[in-house]
Amino acid sequence: MPRIVVDVMLKPEILDPQGKAIVGALPRLGFTAFSAVRQGKRFELTVDGEVTEEILAQAREAAESMLSNPVIEDVVNVEVVAD
């Protein structure tokens, strides 16, 4: 069954304390190539049948109105992923 993947990230101007904690821990674990981390959310919406433009539009609407908080988050990606 196909899935629609929605990625949501904090807006750039919003402080990301989890990202800061992760970037601080990475060097202690031997990962020294990374200078910044921003943490986000990923949603996978499973679709019964074919993903039409109408269903994709519904996913985009749900992403903007329900899956994200538009005050502090941006929907950065909505895409169809086949299994």
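What counts as what
- Once a new chain begins, its residue numbering starts again from 1 and follows that chain's sequence as written.
- Only residues with pLDDT of 70 or above have their local features reported here, since the model is predicted, and side-chain atom pairs are shown and tallied only from 80 upward, although totals for entire chains, interfaces and linings are computed over all residues.
- Only heavy atoms go into the side-chain values, all of them from the structure, while hydrogens and water stay out.
- Helical segments are the DSSP runs of H or I of at least four residues, strand segments are the runs of E of at least two, and each set is numbered from the N terminus.
- Within 3.5 Å is the distance limit for a polar contact, defined as a pair of N or O atoms, with the added protein rule that one can donate a hydrogen and the other accept it, and that residues adjacent in sequence qualify only through two side-chain atoms.
- Pairing between strands is defined by DSSP: at least two bridges between them are needed.
- The axes used here are C-alpha line fits, helices contributing only the stretch in contact, and every angle between their N-to-C directions lies in the interval 0 to 180 degrees.
- Whether two residues are in contact is decided by their heavy atoms: any pair within 4.5 Å suffices.

(A) Just the side chain of Asp 16, in detail. Here Asp 16 lies in the loop between strand 1 (3-10) and helix 1 (17-25). Here Gln 39 takes part through its backbone nitrogen, which lies 2.7 Å from a polar atom of the side chain of Asp 16.

(B) Layout of the sheet that holds strand 1. With antiparallel pairing, three strands are arranged side by side in an open sheet as 2-1-3. For this open sheet the edge positions go to strand 2 (40-46) and strand 3 (73-81), each flanked by a neighbour on one side alone. Each strand of the sheet is rotated relative to its neighbour by a mean of 20°, with strand direction disregarded. The pairing of strand 1 with strand 2 spans seven bridges and is antiparallel. Each bridged residue has a counterpart across the sheet, and for Ile 4 the counterpart in strand 2 is Leu 45. On top of the sheet, helix 2 (residues 53-67) reaches strand 1, strand 2 and strand 3; it is set at about 155° to strand 3, its chief contact.

None of the figures reported here should be taken as evidence of function without further support.
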